Structure formats: C-alpha cells, structure tokens
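Secondary and tertiary structure notes
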Amino acid sequence: MSSAKRTEASQNEFWSVDSQPEKLSGPVALWRAPAVLATFVVLCSLGLYALHHSSLLNYFFPVGDWVFVRVQDQQFVAIRQFLLSYYVAFGLFSNGSARARARLIFALVGYFFVFCLILDLSANAIYQVTGLLPDLNVQQIAAGVVGFAIFSTQVFGRGAMPETVAMTVTPRRRLVVAARFVIVTVLAAFISLKVSQASPAIVLWLRDWALLGGLGPGVFLFLPSLFFMLFMLSFWDRIWSKKDERYCPPLSVVVPAHNEEYILAHTIESLDAAAGRYGGDVTVLVVNNNSSDNTFAVAQTTLEQAVHLKGRVLEEARAGKAHALNLGFSQVETEFVIRIDADTQIEAGALWRAMSHFADPEVGCVGGVARTRGRSFFERARQAEVLVNHGYYSVATDSLEALVAVPGMFAAYRTALTHKLGGFSFGLNGEDSEMSMRIGEMGYHVMVDPRVHYESEVPATMHHMREQRMRWFRSSFHIAARCADASHLNRASIRGSIILPLMLFNAAVRGMGICLIFFAIIEYIDPFTRDLIPQLHAIFSVAIGAPFLVSVMAICINRAWYALLYVPEYTLFRLLRSYFTLESMLSIKITEHVRKETRPVTLPALPQLGHK
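Keep in mind that what you see is a predicted model, and the values were worked out from it rather than measured. (Residues numbered from 1 in each chain as written. Predicted model: local features only at pLDDT ≥ 70, side-chain atom pairs only at ≥ 80, totals over all residues. Heavy atoms only, no water.)

1. So, the overall build of the protein
To keep things clear, this is the line we draw: Secondary structure elements follow DSSP: runs of H or I no shorter than four residues count as helices, runs of E no shorter than two count as strands, and numbering proceeds from the N terminus. Only protein chains enter the accessibility calculation, which uses a 1.4 Å probe; a residue whose area is less than 20% of its type maximum is buried, one above 50% is exposed, and one in between is partly exposed. Note on definitions: a residue-residue contact is assigned when non-hydrogen atoms from the two residues lie within 4.5 Å.
Looking only at helices and strands, the protein features 20 helices and eight strands. Looking at the 612 residues of the protein, the share that counts as buried comes to 57%. Of the contacts made within the protein by residues no fewer than 6 positions apart, 84% connect residues no fewer than 24 positions apart.

2. Considerations on the side chain of Ser 225
Relative to the elements of secondary structure, Ser 225 occurs in helix 8 (residues 217-239). For Ser 225, the contacting residues outside a window of four places in its chain are Ala 188 and Ser 192.

3. Structural notes on the packing of aromatic side chains
Rule in force here: Ring geometry is summarised as follows: Phe, Tyr and Trp rings, the Trp one being its six-membered ring, pair when their centres sit within 6.5 Å, and such pairs are stacked at plane angles under 30 degrees, edge-to-face over 60 and tilted between the two.
Applying the stated criterion to the full structure yields 28 aromatic pairs. Here the aromatic rings of Phe 61 and Phe 68 are separated by 5.9 Å at their centres, their planes lie at 80°, and the arrangement is edge-to-face. Owing to a relative accessible area of 11%, Phe 61 belongs among the buried residues under this scheme. Taking relative accessible area as the criterion, Phe 68 reaches 30% and is therefore assigned partly exposed. For the pair Tyr 562 and Tyr 566, a centre-to-centre distance of 5.9 Å together with 75° between the ring planes defines the contact as edge-to-face. Residue classification places Tyr 562 among the partly exposed positions, given a relative accessible area of 35%. Residue classification places Tyr 566 among the buried residues on the basis of a relative accessible area of 13%. Among the aromatic residues, those joined into a ring-pair cluster are Tyr 86, Tyr 87, Phe 90, Phe 112 and Phe 151.

4. A closer look at unusual backbone geometry
At Asn 259, a position not held by glycine, the phi torsion is positive, near 55°. Along the chain, Asn 259 falls in the loop between strand 1 (251-257) and helix 9 (264-278). The exposure class of Asn 259 is partly exposed, given its relative accessible area of 23%. A positive phi angle, near 60°, is found at Asn 290, a position not held by glycine. Within the fold, Asn 290 resides in the loop between strand 2 (282-289) and helix 10 (295-305). Overall, the relative accessible area of 42% leaves Asn 290 in the partly exposed class.

5. With respect to the environment of Phe 410
Counting through the fold element by element, Phe 410 comes out in strand 7 (residues 410-414). Sequence separation between Phe 410 and Gly 367 is 43 residues; the distance between their C-alpha atoms is 5.9 Å. Excluding its chain neighbours within four sequence positions, the residues that come into contact with Phe 410 are Ile 338, Arg 339, Ile 340, Ile 346, Ala 350, Ala 354, Val 366, Gly 367, Gly 368, Val 452 and Tyr 454.

6. Details of the nonpolar core
Just so we agree on the cut-off: The definition of a nonpolar core used throughout is a set of buried Ala, Val, Leu, Ile, Met, Phe, Trp, Tyr and Cys residues joined through side-chain atoms within 4.5 Å.
Of all hydrophobic cores here, the largest spans 163 residues; its most connected members are Phe 82 and Phe 151. Ignoring anything within four residues of it in the chain, the contact list for Phe 82 reads Phe 40, Cys 44, Phe 148, Met 512, Cys 515, Leu 516 and Phe 519. Within the second largest apolar cluster, five residues are counted, among which are Val 63, Val 69, Val 71 and Leu 136.

7. So, helix 18 (residues 513-525)
We apply this condition: One fewer than the residue count of a helix, multiplied by 1.5 Å, yields its expected span.
An ideal rise of 1.5 Å per residue puts 18 Å on 13 residues; helix 18 measures up with 19 Å between its terminal C-alpha atoms. Listed in full, the buried residues belonging to helix 18 are Gly 513, Ile 514, Cys 515, Leu 516, Ile 517, Phe 519, Ala 520, Ile 522 and Glu 523.

8. Things to note about the sheet that holds strand 1
Where strands meet in a sheet, backbone hydrogen bonds hold them as pairs that are either parallel or antiparallel. Counted only if it meets this: Strands pair, by our definition, only if DSSP identifies at least two bridges between them. Axes here refer to lines fitted to C-alpha atoms; in helices the fit is confined to the stretch in contact. Angles between the N-to-C directions go from 0 to 180 degrees.
Here eight strands make up an open sheet; going across it, the order is 3-2-1-4-7-6-8-5 and the pairing mixed. At either margin of the open sheet sits one strand with a lone partner, and together these are strand 3 (310-316) and strand 5 (344-346). Pairs of neighbouring strands in the sheet enclose a mean axial angle of 30°, with direction left out of account. Note: strand 5 against strand 8 (residues 445-456), three bridges, orientation antiparallel. Pairing of Thr 344 across the sheet is with Ser 456, part of strand 8. Sheet contacts for helix 9: strand 1, strand 2, strand 4 (336-340) and strand 5; angle to strand 5, the most-contacted strand, approximately 20°.

9. So, the confidence of the model for the protein
Under the convention used in this document: Each residue carries a pLDDT score, the predictor's own confidence in it, on a scale running from 0 to 100.
When pLDDT is averaged across the protein, the result is 88; 88% of the residues are at 70 or more. For residues 1-11, every residue scores under 50 in pLDDT, and the model assigns this stretch 31 contacts once sequence neighbours within four places are set aside. Every residue in residues 214-218 scores below 50 in pLDDT, and together they form 18 contacts with partners more than four places removed in sequence or on other chains.

10. Examining the packing of helix 16 (residues 462-482) against helix 20 (residues 567-586)
Keep this limit in mind: Working rule for handedness: look at the near helix, and if it is turned counterclockwise from the far one by less than a right angle, call the crossing left-handed; if clockwise, right-handed. In the scheme used here, Gly and all other residues not listed as nonpolar or charged are polar, with Ala, Val, Leu, Ile, Met, Phe, Trp, Tyr, Cys and Pro taken as nonpolar and Asp, Glu, Lys and Arg as charged.
Orientation of helix 16 relative to helix 20, taken along the N-to-C sense of each, is 65°, at an axis distance of 8 Å. Our pair here, helix 16 against helix 20, has a crossing hand that is right-handed. Along the contact surface, helix 16 presents Met 462, Met 465, Arg 466, Arg 469, Met 470, Phe 473, Arg 474 and Phe 477, while helix 20 presents Phe 573, Leu 576, Arg 577, Phe 580, Thr 581, Glu 583, Ser 584 and Met 585. Among the residues forming the contact of helix 16 with helix 20, the class breakdown is nine nonpolar, two polar and five charged.

11. Quick notes on the packing of helix 3 (residues 79-92) against helix 5 (residues 136-158)
Let me state the cut-off plainly: Working definition: roughly parallel below 35 degrees, roughly antiparallel above 145 degrees, roughly perpendicular at 65 to 115 degrees, and oblique for all remaining angles.
Contact geometry for helix 3 and helix 5: axes closest at 9 Å, N-to-C directions at 15°. One way to sum up the angle between helix 3 and helix 5 is to call them roughly parallel. Considering only the axes of helix 3 and helix 5, their crossing is right-handed. From helix 3, Ile 79, Arg 80, Phe 82, Leu 83, Tyr 86, Tyr 87 and Phe 90 reach across to helix 5, where they touch Gln 139, Gln 140, Ala 143, Gly 144, Gly 147, Phe 148, Ile 150, Phe 151 and Val 155. Counted by class, the contact of helix 3 with helix 5 contains 11 nonpolar, four polar and one charged residues.

12. Some details on the pattern of salt bridges
Counted only if it meets this: The term salt bridge refers to a side-chain nitrogen of Lys or Arg lying within 4 Å of a carboxyl oxygen of Asp or Glu.
Summed over all chains, the structure comprises 28 salt bridges. A salt bridge links Arg 173 to Glu 401; the nearest nitrogen and oxygen atoms lie 3.1 Å apart. Highlighted residues: Arg 173 in the loop between helix 5 and helix 6 (174-198) and Glu 401 in the loop between helix 13 (377-398) and strand 7, separated in sequence by 228 residues. Take Arg 173: its relative accessible area is 32%, and that puts it in the partly exposed class. In this structure Glu 401 comes out as buried when scored by relative accessible area, which is 5%. Here Glu 467 and Arg 471 are joined by a salt bridge, their closest N and O atoms 3.0 Å apart. With Glu 467 and Arg 471 both in helix 16, this residue pair falls four residues apart, about one helical turn.

13. Points about the pairing of strand 6 (residues 363-371)
Counting buried positions along strand 6 gives eight out of nine residues, so the element sits mostly inside the fold. When strand 6 meets strand 8, the two strands line up parallel, connected through seven bridges. Residue pairing in the sheet places Ala 370 in a bridge with Tyr 454 of strand 8. Pairing analysis gives three bridges linking strand 6 to strand 7, with the strands arranged antiparallel. The residue of strand 7 that forms the bridge with Val 366 is Ala 412.

Written out as structure tokens, the structure reads:
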C-alpha cells in the first residue's frame with residue numbers, strides 16, 4: 001500500500017450517470033419497498049387465516065396451503081401462500097403502468113397455479129397407479145423452486161433490458177467441464193441423500209439450532225457440498241497452471257475518475273509502490289471524466305511525483321464510466337491492461353501476482369479479492385461478503401469455466417480482447433461483468449486470484465450503500481439480457497445456460513428474504529398452525545443458518561481468520577442486502593408485453609487511437 005494511507009471513510013456520494021440507466025430503470029421512492037412488505041403481510045395473514053378457519057377452504061385444502069389434491073402428509077411451510085402473496089404485493093408496486101402491473105400479477109399467479117395443479121395431479125396419478133403415497137414435502141419444495149423461477153423469468157421477460165449482443169461462444173474444455181458438472185452434481189446429491197437418511201448427531205444438532213432446515217438436512221447440504229467439491233477442483237487446476245511469477249511484460253493501467261480529488265493521490269501512490277515491485281514498465285492513464293473538482297490537477301501532480309511508473313491524464317467530457325474506460329483503453333499500446341477504480345488502492349504485490357497468470361496464453365482476464373480495514377459495520381460485513389463471493393464461489397465456478405463477473409475495481413485483460421469486443425458498454429449496469437463474461441465465452445480463461453489484494457471504498461452511509469447495491473443487483477438482469485446469446489442450450493455454455501439463469505433465480509430468492517422472515521413470524525403467531533418448530537427451522541435455516549455456515553467455511557478456506565469475527569454482522573447485512581435487492585427489482589421498468597427475442601447486435605471493434 002502507499003505510505004500515505006487514508007484513515008477516513010469515504011464521503012463520496014457514489015452516484016453518477018451510470019447508477020440508474022434511464023431507459024431500463026426508474027427511481028424507487030423510499031416508501032415503495034415498505035409498502036410491498038406491508039401488503040405482503042396483510043395478504044399472507046388473510047390467506048393463512050382463510051385456509052385454517054374457512055370450513056370450505058379447509059375441506060378442499062386440508063394441509064393449510066393451496067394443494068389441489070387431498071394428501072395424508074402435513075406440510076411444514078405454506079410456500080404456495082407465501083409466493084402468491086409476494087407475487088401480488090410486488091406486482092402492485094412494481095415500476096410500470098397499471099396495465100403492465102396487472103399483467104405481471106396475472107402472469108405470475110396464472111403460471112404458478114397451472115404448475116401446482118399439474119404437479120399435484122401428477123403426484124396423485126402416480127399414487128393411483130403405483131400405490132406410492134405422494135411426499136408432500138417434495139411437492140412443496142418443487143413448488144417453491146419453480147415459484148422462484150417463475151418470478152425471476154417473468155420480471156426478466158417483462159422488464160426493460162439492454163439489447164442482446166452477438167457473441168462468440170467457444171467455451172474452454174467443454175468435455176472436461178461437462179464431465180465435472182455431471183459427476184459433482186451426482187456426488188452432491190448422493191451426499192445429501194445419505195446425510196438425510198442417516199441424520200448423524202452433528203446434523204441433528206445443527207438442525208435443532210436452525211442451521212439446517214426442518215425440511216430435511218439433505219436439502220440444505222446439496223449446494224454447500226457441490227460448491228466445496230468445485231472449489232477443490234479449482235484448487236487442483238491451479239496447482240498445475242502455467243503461471244510464472246517472473247512474467248512481467250509492459251503493462252498499462254487505466255483509471256477512470258469522476259470527482260475523485262479526495263482519494264486519487266492515494267490510488268496513484270499505491271500503483272507506484274506496486275510498479276516498484278513489478279519488474280516491468282508500467283504506464284498509468286488517468287481519465288478525468290467530466291469532473292467538477294480538482295481531479296485533473298491532483299492526477300497530474302501525483303503522476304509527476306511517481307518514481308516507478310509513468311503516466312498522463314486524459315480528458316473525457318462525456319459523463320459515464322464506460323466512456324472514460326473506452327477512451328483510456330483506446331490509448332493503450334501494451335499487450336496487457338488493468339482497469340482499477342479511482343477509489344481503489346492495490347497492495348504492492350498485486351501487479352506481479354495478477355500478471356503471472358498471463359504467462360499462460362489461454363488466460364484472458366484476472367481479478368482479485370478486496371480487503372477492508374473493518375472500521376465500520378459496512379466494512380466488516382463487506383469483508384466477509386467478498387471472501388464468500390469472490391474468495392470462494394468465484395474460485396469454485398472457475399473449475400467449470402463458468403465465472404461470469406470479475407469486478408471492475410481491479411481487472412486485468414489482454415488488451416486485444418477488449419478492443420475486439422468493442423470496449424465497455426454504456427447504458428447498463430455491470431459493464432465489467434459483461435466484459436469478463438464475453439472474454440470467457442470466446443474460449444479464454446477468466447479467473448479470480450485470492451492472492452491479489454486491493455482496498456476499495458465501502459459506502460459509509462445507508463444512502464451510499466442503497467445506491468451501490470441497487471446498481472449491483474440490477475446488473476444480474478442486465479448481464480443476463482446482454483449476454484443472452486450464450487444462453488441457448490445448443491451453445492453448450494455453462495455460463496450461459498446454467499449460471500446466468502441461476503443469477504436471476506438467486507436474485508429472486510434474495511429479494512424475497514425479508515418477506516420470508518415476516519412469513520415465519522406470521523406462521524409462528526398463528527395459534528392454529530401446527531408443528532411450529534419445523535416451520536421456523538426450515539425458514540430461518542434458509543434465510544440465516546445455511547449462509548452462516550457457508551460464510552464460516554469460506555473464511556476458513558481463505559485463512560482470513562480475523563474475518564470470523566465479522567460473520568454475525570455479515571449475517572445481519574444479508575438481511576439488509578435482501579431489502580436492497582427488493583428495491584433493485586422494483587426499479588426495473590415493467591412493460592405491458594413480454595419482450596420478444598431479437599437478432600443480437602454486432603458491436604464494432606474499439607478503435608486504437610495510440611499515443612497523442
């Protein structure tokens with residue numbers, strides 16, 4: 001790090017023209033998400049009351065949920081009532097005309113009812129033919145999974161989204177990836193089944209403390225065991241990788257800066273210290289992007305004082321990070337380029353650690369893992385979050401050549417690839433993820449190295465955090481639309497056909513997290529609901545318990561022992577993150593019709609302007 005470290009937290013407003021693409025999203029009033037939650041509570045309470053107390057409904061739906069055939073089992077969670085209440089509450093306050101909102105609600109409820117009817121009738125038909133009693137818990141789990149998927153696909157299909165871009169889709173190691181995916185999935189399912197049947201003492205203890213759910217521990221162990229095996233495969237791959245820590249070719253660093261005078265000097269000083277350890281030539285291009293403060297002067301002065309690097313300041317009058325990045329990248333004359341944010345200070349070994357991977361000609365993009373100083377609740381929660389998301393999940397998905405997002409806070413590229421792909425896209429959220437996704441689909445290795453560390457600013461206030469997370473979470477939908485060309489099954493792309501849909505599915509689940517907690521409380525206080533403890537355990541294990549276990553495992557794997565102290569705050573932060581996800585989805589502009597698939601647009605290559 002630079003010798004002149006910052007001690008104060010950021011006061012930057014984190015708002016720019018990139019925050020909320022005008023054609024795709026709109027502002028969300030502070031009252032709208034609470035209105036959704038209040039409406040959900042009312043609808044859910046009324047529905048549960050009617051199901052339990054109406055003799056007519058109780059006759060047709062005796063299990064306390066909208067199950068269309070009579071069964072002997074008793075369900076733990078009325079997941080169908082939960083989803084129907086959420087559909088209506090969200091639809092009423094979504095971002096669209098009255099007709100668009102009504103059509104969204106009708107589609108959500110209609111598709112879900114049709115699926116549940118088919119599911120229940122099929123289970124009953126199997127019983128009539130084979131005599132095997134239907135497992136209501138299995139039916140409810142299936143209804144819940146499909147219900148989440150219906151929500152995400154309908155918001156995605158009816159929301160205003162970026163144009164799809166034409167992509168070259170030739171993923172690496174297709175046969176190896178396919179074999180790994182099948183074998184690991186089967187093994188994870190086998191482990192989950194065996195644990196579910198055996199129920200060892202440790203599993204029973206975890207379930208009693210709502211860390212594994214009342215629906216059966218196997219359900220909650222499937223994904224953790226799957227990702228752990230994928231992580232170990234990725235670790236094996238890296239042992240045999242072709243990285244060379246002596247590889248230090250000439251390198252350029254592009255730093256887009258908008259009103260960053262308060263921190264830019266620290267960023268450049270950290271680059272200078274890293275250049276001193278790198279061993280090769282480093283050129284820094286600071287792009288002053290429509291700043292109204294002294295960003296240009298600070299950049300110029302600090303670059304002149306640098307000892308180990310050379311650089312210059314460029315001017316980009318068009319507001320927007322993508323414009324600034326494209327100007328900077330068009331001026332790059334080296335084979336490799338790194339983009340970092342103007343509020344990011346890299347550690348001294350970050351450059352050579354990242355560049356060591358490019359000794360392998362198949363590597364196209366490399367990212368790192370952010371570190372914080374733990375000065376505030378947000379910083380401590382963020383540290384645990386990045387260790388889970390980038391230090392664990394990103395590394396795991398790399399074993400399937402399926403990593404989508406390399407954060408733009410620090411990302412190294414082969415320059416020619418960024419030019420061929422037309423540079424960074426303006427007018428959407430997630431231009432960094434789009435670039436890394438498209439590089440990976442071209443057949444290059446896209447990876448995150450947990451040894452590459454940098455410190456990037458964490459919002460200091462709730463207002464700052466809200467803006468950042470709404471932008472980040474909305475990007476899942478934008479990237480899925482932008483890169484939909486890779487999602488067709490005949491392209492054989494894990495990223496496109498599996499990871500992109502999972503991103504949308506995960507956004508739906510996360511956005512419903514707060515409502516899930518409210519639902520648990522409603523079910524608990526209802527004196528006519530039976531088997532309260534399993535209901536509470538099942539719900540709280542999904543919302544809190546299982547993520548708690550995963551975060552502890554990810555932190556231990558990364559050997560960041562100090563971050564174990566941050567896990568309780570991270571667990572609370574996940575609930576806040578759920579609320580911001582809800583607001584983010586409420587910001588998506590809902591149209592009156594399902595978006596039609598159009599021919600992907602072909603982007604022109606980014607021009608090489610050279611040194612001026």
